[in-house]
Amino acid sequence: MNKLLTFILLFILFSLLVLIRVFEDELFYDPYLLFFKSDYLHIDSPRREVFKLTLFTTLRYVLNSIISLGIIFLFFKDKSIVKFSSIVYTIAYVILIGLFLYFVIHPRQEDYYLFFNFRRFLIQPILLILLLPAFYYYKLKH
């Protein structure tokens, strides 16, 4: 694949990640978006539909993951890295959605900050930010 096409595709994929973030209010059901923008440490957890919230959080995670895997492929052009990354994303999802559901079902004010941070891994492409430099370093050493 020539470099210009790679850069164009990377730009498109990064733009898609930005668009997911910009239009998160319109695209996804998430009462915690407004909750965590406010003074959440001093108010009660918002009303929520757990199934719907889980479904939309999963959808957002899947969209971010697919786009992130495309970015990783374009950066390294190595299917084994993409395969390993997809395993990391799957394991992370299982662990994070379990923690997410615990915090959603058992909301306690003293856990809000912890919940906020676990939730970020599900709704934002933080794993991409961690994996890109890790694989870059790996490639440098091998």
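See the structure above.
These lines cover the structure that appears in this document, whether it is placed above or below. (Residues numbered from 1 in each chain as written. Predicted model: local features only at pLDDT ≥ 70, side-chain atom pairs only at ≥ 80, totals over all residues. Heavy atoms only, no water.)

**Quick look at the packing of helix H4 (residues 50-76) against helix H7 (residues 126-141)**
Here is step 1 of the chain: Packing of H4 against H7 leaves a shortest axis separation of 10 Å and a crossing angle of 20°. With respect to H7, the axis of H4 lies roughly parallel. The two elements H4 and H7 meet at a crossing, and its hand is right-handed. Listed contacts from H7 to Tyr61, Ser68, Ile71, Ile72, Phe75 and Phe76 of H4 are Leu127, Leu128, Leu131, Leu132, Phe135, Tyr136 and Lys139. (Axes fitted to C-alpha atoms, helices over the stretch in contact; angles between N-to-C directions. Helix = DSSP H or I, 4+ residues; strand = E, 2+ residues; numbered from the N terminus. Parallel < 35°, antiparallel > 145°, perpendicular 65-115°, else oblique. Left-handed = near helix turned anticlockwise from the far one by under 90°. Contact = heavy atoms within 4.5 Å.)

**A short note on a nonpolar patch on the surface**
Here is step 1 of the chain: On the surface, a cluster of nonpolar side chains totalling about 940 Å² of accessible area is made up of Leu4, Ile8, Phe11, Ile12, Leu16, Val18, Leu19, Val22, Phe23 and Leu27.
Here is step 2 of the chain: The dominant element in the nonpolar patch, judged by the number of residues it contributes, is helix H1 (residues 3-22), at eight residues.
Here is step 3 of the chain: Counting through the fold element by element, Phe11 comes out in helix H1.
Here is step 4 of the chain: Judged by its relative accessible area of 59%, Phe11 is exposed. (Patch = residues over 30% accessible without salt bridge, like charges linked within 9 Å, V, L, I, M, F, W, Y side chains within 5 Å. Areas by Shrake-Rupley, 256 points an atom, 1.4 Å probe, with all protein chains shown as cover. Salt bridge = Lys/Arg side-chain N within 4 Å of Asp/Glu carboxyl O. Buried < 20%, exposed > 50% of the residue type's maximum accessible area, 1.4 Å probe, protein only.)

**Details of the nonpolar core**
Here is step 1 of the chain: Core analysis: the biggest nonpolar cluster contains 33 residues, and Ile71, Ile72, Tyr89, Phe100, Leu122 and Leu128 have the highest contact counts within it.
Here is step 2 of the chain: The set of elements that each furnish at least two residues to this core consists of H1, helix H3 (32-37), H4, helix H5 (79-105), helix H6 (112-123) and H7.
Here is step 3 of the chain: At nine residues, the largest contribution of residues to this core is made by H5.
Here is step 4 of the chain: In this structure Phe100 touches Leu53, Thr57, Phe115, Arg119 and Leu122, once residues within four positions along its chain are discounted. (Core = buried A, V, L, I, M, F, W, Y, C linked by side-chain atoms within 4.5 Å.)

**Description of H1**
Here is step 1 of the chain: Under the 1.5 Å per step criterion, the end-to-end length of H1 is 28 Å for 20 residues, consistent within 8% with the ideal 28 Å.
Here is step 2 of the chain: When H1 is considered as a whole, its buried residues turn out to be Thr6, Leu10, Leu13, Leu17 and Ile20. For H1, the angular spread of the buried residues around the axis is 85°, confining them to a single face. Set apart from the buried face of H1 by more than 90 degrees, the exposed residues are Leu4, Phe7, Phe11 and Val22. (Expected span 1.5 Å × (residues − 1). Arc of directions from axis to C-beta.)

**Structural notes on the packing of aromatic side chains**
Here is step 1 of the chain: The tally for this structure, following the rule as stated, stands at nine aromatic pairs.
Here is step 2 of the chain: The interplanar angle of 70° and the centroid separation of 5.4 Å between the aromatic rings of Tyr102 and Phe103 together place this pair among those described as edge-to-face.
Here is step 3 of the chain: Relative to Phe115, the ring of Phe103 has its centre 5.7 Å away and its plane inclined at 40°; by these criteria the two rings are tilted. With Phe103 in helix H5 and Phe115 in helix H6, this pair connects stretches of sequence that are 12 residues apart. Residues Phe103 and Phe115 agree in their burial class; the two are buried.
Here is step 4 of the chain: Three or more aromatic residues link up through ring pairs in this structure, and these residues are Phe100, Tyr102, Phe103, Phe115 and Phe118.
Here is step 5 of the chain: Seen from the ring of Tyr29, Lys52 lies directly overhead, with NZ or CZ sitting 4.7 Å from the centre. (Phe/Tyr/Trp six-rings, centres within 6.5 Å; stacked < 30°, edge-to-face > 60°. Lys NZ or Arg CZ within 6 Å of the ring centre and 35° of its normal.)

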